[in-house]
Amino acid sequence: GSLLVGSFLGPGFLLSLAGGVASMAAMALMAPGTWRLWSPLAVSAAGAVVHGAAQLLALKALQLLPAGDLFWLVPLVLVPALVAGLFTAVYADPIV
């Protein structure tokens, strides 16, 4: 979609890329075949939280976020991410 609307490599694309790469790396390290220590619930929750944290760090790195705004934005991003990760794991468990 970003190629069609001319926003390829724009801020939205870079935020999505940072979140996706970071969450995939975190979940790959926690995958059941890797160490067999983590439940699917923990893997999903960690992936969601890492996704949000990476997007916040990318916002800061791209200087799209004023200095003091990161502190109050962290709970507003990471708490819903944790809830979404847990929700995804609970409802995907019967399918997987």
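One can find the structure itself at the top, above this paragraph.
To keep things clear, this report deals only with the structure shown in the data block. Since the structure is predicted, the reported quantities are computational estimates derived from the model, not experimental observations. (Residues numbered from 1 in each chain as written. Predicted model: local features only at pLDDT ≥ 70, side-chain atom pairs only at ≥ 80, totals over all residues. Heavy atoms only, no water.)

Our next topic: unusual backbone geometry. Within the chain, Leu9 stands out as a residue other than glycine whose phi angle is a positive 65 degrees. Position of Leu9 among the secondary structure elements: in the loop between α1 (2-5) and α2 (11-30). In this structure, Gln63 is a non-glycine residue whose phi angle is positive, near 55 degrees. Relative to the helices and strands, Gln63 is located in the loop between α3 (40-61) and α4 (69-92). (Helix = DSSP H or I, 4+ residues; strand = E, 2+ residues; numbered from the N terminus.)

Looking at where Leu56 falls in the secondary structure, it is placed in helix α3. Judged by its relative accessible area of 5%, Leu56 is buried. Here the alpha-carbon distance between Leu56 and Leu73, two residues 17 residues apart in the chain, equals 8.2 Å. Apart from the residues lying within four places of it in its own chain, the contact partners of Leu56 are Leu70, Leu73, Val74 and Val77. (Buried < 20%, exposed > 50% of the residue type's maximum accessible area, 1.4 Å probe, protein only. Contact = heavy atoms within 4.5 Å.)

Considering all chains together, one arrives at two aromatic pairs under this definition. Both rings, one in Phe8 and one in Phe13, keep their centres 5.0 Å apart while their planes meet at 55 degrees; by these two values the pair is tilted. Taking the relative accessible area as the measure of exposure, Phe8 reaches 43% and is therefore partly exposed. Between Phe87 and Tyr91, the aromatic rings sit 4.5 Å apart at their centres with planes inclined by 50 degrees, giving tilted as the arrangement. Taken together, the residues span about one helical turn, with Phe87 and Tyr91 both in helix α4 at a distance of four residues. (Phe/Tyr/Trp six-rings, centres within 6.5 Å; stacked < 30°, edge-to-face > 60°.)

Moving on: α3. Between its first and last C-alpha, α3 extends 31 Å over 22 residues, near the 32 Å set by a 1.5 Å rise per residue. Regarding α3, the residues found buried are Val43, Ser44, Ala45, Gly47, Ala48, Gly52, Ala54, Leu56, Ala58 and Leu59. Looking one or two residues beyond α3, the residue adopting positive phi is Gln63, at roughly 55 degrees. (Expected span 1.5 Å × (residues − 1).)

Time to look at the packing of α3 against α4. Any two packed helices are characterised by the angle at which their axes cross and by the distance between the axes. The contact between α3 and α4 brings their axes to 8 Å, and the two run at 150 degrees. By the angle class used here, α3 and α4 are roughly antiparallel. For the element pair α3 and α4, the recorded crossing hand is right-handed. Facing Pro40, Leu41, Ser44, Ala45, Ala48, Val49, Gly52, Ala53, Leu56, Leu59 and Lys60 of α3, the residues of α4 in contact are Leu70, Leu73, Val74, Val77, Leu78, Ala81, Leu82, Gly85, Leu86, Thr88, Ala89 and Val90. Residue composition of the contact of α3 with α4, by class: 18 nonpolar, four polar and one charged. (Axes fitted to C-alpha atoms, helices over the stretch in contact; angles between N-to-C directions. Parallel < 35°, antiparallel > 145°, perpendicular 65-115°, else oblique. Left-handed = near helix turned anticlockwise from the far one by under 90°. Nonpolar A, V, L, I, M, F, W, Y, C, P; charged D, E, K, R; others polar.)

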